[in-house]
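Now for the letters of each chain:
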Amino acid sequence: MLQRFIIRRVVFSIAAVIVATLVLFSLSHLSTDPRNLFIPQGGGFGMTQEQMDLLSKRMGFDKPFLVQYFHWLRNMMRGELGYSLGNMRPVMSILASKWGSTLQLALGGWIFALSAGVSIGVLAAVKRGSLLDYIARSIALFGQALPSFWVGIMLILVFAVWLNLLPAGTRPVDFDIRYYILPWLTLGWPPMAAIVRLTRSSMLEILDSEYIKFARAKWVRDWAFIWKHALKNAIIVPLTSAIFHMG
């Protein structure tokens, strides 16, 4: 039974990947002719039909659609993403030169979202109905409603322009955490809001369970069973959501 379930899940996953990539590849063919990117700009005379045909043959556009798709899928699986006409470099080399900065920003934003989201969600659940709970729910509401680019602009305006506490410039050569605080807050704000809501709802469900009520009846210290027992059972849902947000 377990083997059959695993095989079925693997087959469904492969089918989903094929369908998604096929739709993506099909949409790329619905746009303008990619050969137009090779036409000289700025008053040139364009390309002759013979040159267009030679370009189609060299790029594989003369082959059937499915042949083009599987050729593209094979190159994607091998990490061959083609050549950037704008940068005149292979796409993989461009991505490789940026992965360090991307990892620093993404990992910092994810750590902020997870730590702040879980902490605020737990406090909101424990202090249900209090001012802290309303503030936490407001943070979650505005965090999911406000666009990230607007949040980033407002953070720059407040902390870099008005208060002059944090820089709003380019990435320094040497690591300086002050340059990363605003990007981390901007990237982590939306997932943090979602984690706050999930943590609060999960904690409320756990706090209303019988074993928590029994622990309170035995005069167990509040924060002891909240962090050791309640959060241990409530963290599954927000942690799963945080993992998806990291991806």
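Procedures and definitions
Residues numbered from 1 in each chain as written. Predicted model: local features only at pLDDT ≥ 70, side-chain atom pairs only at ≥ 80, totals over all residues. Heavy atoms only, no water. Helix = DSSP H or I, 4+ residues; strand = E, 2+ residues; numbered from the N terminus. Buried < 20%, exposed > 50% of the residue type's maximum accessible area, 1.4 Å probe, protein only. Areas by Shrake-Rupley, 256 points an atom, 1.4 Å probe, with all protein chains shown as cover. 1 Å grid on protein atoms, 1.4 Å probe; cavity = no way out; pocket = protein on both sides within 12 Å on 5 of 7 lines; lining within 4 Å. Points joined across faces, edges and corners; volume = space filled by probe spheres on them. Nonpolar A, V, L, I, M, F, W, Y, C, P; charged D, E, K, R; others polar. Patch = residues over 30% accessible without salt bridge, like charges linked within 9 Å, V, L, I, M, F, W, Y side chains within 5 Å. Salt bridge = Lys/Arg side-chain N within 4 Å of Asp/Glu carboxyl O. Polar contact = N/O pair within 3.5 Å; in protein donor to acceptor, adjacent residues only side chain to side chain. Core = buried A, V, L, I, M, F, W, Y, C linked by side-chain atoms within 4.5 Å. Contact = heavy atoms within 4.5 Å. Phe/Tyr/Trp six-rings, centres within 6.5 Å; stacked < 30°, edge-to-face > 60°.

1. Some remarks on the overall build of the protein
Phase 1: Scanning the protein for helices and strands turns up 10 helices and 2 strands.
Phase 2: In sequence order, the secondary structure elements of the protein are arranged as α-α-α-β-β-α-α-α-α-α-α-α.
Phase 3: Per-residue burial for the protein yields a buried fraction of 26% across its 247 residues.
Phase 4: Split by element, the accessible area of the protein, about 17,300 Å² in all, is 68% carbon and sulfur.

2. Here's the deal with unusual backbone geometry
Phase 1: Unusually for a residue other than glycine, Asn 164 sits at a positive phi of about 55°.
Phase 2: Within the element layout of this structure, Asn 164 appears in the loop between α6 (148-162) and α7 (178-207).
Phase 3: Accessibility expressed as a relative area gives 62% for Asn 164, which makes it exposed.

3. Brief notes about the environment of Ala 116
Phase 1: In this fold, Ala 116 is placed in helix α4 (residues 91-126).
Phase 2: The class for Ala 116 is buried, based on a relative accessible area of 16%.
Phase 3: Sequence separation between Ala 116 and Trp 189 is 73 residues, and the spatial gap between their C-alpha atoms is 9.4 Å.

4. Re the layout of surface pockets
Phase 1: Of the voids in this model, the largest pocket is the one considered here, and its volume is about 1,100 Å³.
Phase 2: Forming the boundary of the largest pocket are 29 residues, of which Met 59, Phe 61, Trp 72, Leu 81 and Gly 82 lie nearest the centre.
Phase 3: The element best represented in the lining of the largest pocket is helix α3 (residues 65-77), accounting for 6 residues.
Phase 4: For the lining of the largest pocket, the residue count by class is 14 nonpolar, 10 polar and 5 charged.
Phase 5: Counted as a void, the second largest pocket has a volume near 170 Å³.
Phase 6: Phe 112, Leu 146, Trp 150, Val 151, Met 154, Leu 155, Val 158, Phe 159, Leu 185 and Trp 189 are the residues that line the second largest pocket.
Phase 7: The dominant element in the lining of the second largest pocket, judged by the number of residues it contributes, is α6, at 6 residues.
Phase 8: A per-class count over the lining of the second largest pocket returns 10 nonpolar, no polar and no charged.

5. Quick notes on a nonpolar patch on the surface
Phase 1: A cluster of nonpolar residues, Phe 5, Ile 6, Val 10, Ile 14 and Ile 18, forms a patch on the protein surface that exposes about 430 Å² of accessible area.
Phase 2: Here Ile 18 lies in helix α1 (residues 2-30).
Phase 3: Assessed through its relative accessible area of 37%, Ile 18 is described here as partly exposed.

6. Concerning the side chain of Thr 21
Phase 1: With respect to the element layout, Thr 21 can be found in helix α1.
Phase 2: In this structure the side chain of Thr 21 is engaged in a polar contact, spanning 2.7 Å, whose partner is the side chain of Tyr 69.

7. So, the nonpolar core
Phase 1: Core analysis: the biggest nonpolar cluster contains 23 residues, and Met 203 and Leu 207 have the highest contact counts within it.
Phase 2: Those elements that place two or more of their residues in this core are α4, α7 and α9 (222-234).
Phase 3: No other element matches the 8 residues that α7 contributes to this core.
Phase 4: Once residues within four sequence positions are removed from consideration, Met 203 is found in contact with Val 122, Ala 125, Ile 226, Ala 230, Leu 231 and Ala 234.

8. Topic: the packing of aromatic side chains
Phase 1: Within the structure shown, the criterion is met by 7 aromatic pairs.
Phase 2: With 4.9 Å between their ring centres and 25° between their planes, Phe 175 and Tyr 180 make a pair best called stacked.
Phase 3: Members of the aromatic cluster, each reached through a chain of ring pairs, are Phe 25, Phe 65, Tyr 69, Phe 70 and Trp 72.

9. Focus on the pattern of salt bridges
Phase 1: Throughout the structure, instances matching the rule amount to 5 salt bridges.
Phase 2: With a closest N to O distance of 3.4 Å, Arg 128 and Asp 208 form a salt bridge. Placement of the pair is Arg 128 in the loop between α4 and α5 (131-145) and Asp 208 in the loop between α7 and α8 (210-217), with a sequence separation of 80 residues.
Phase 3: Look at Arg 128 and you get partly exposed, because its relative accessible area is 46%.
Phase 4: Between Arg 137 and Asp 133 there is a salt bridge whose closest N-O contact spans 3.7 Å. With a gap of 4 residues between them, Arg 137 and Asp 133 both fall in helix α5, about one helical turn apart.
Phase 5: Since its relative accessible area comes to 0%, Asp 133 is described here as buried.
Phase 6: One network of salt bridges, in which partners are shared, links Asp 133, Arg 137 and Arg 200.

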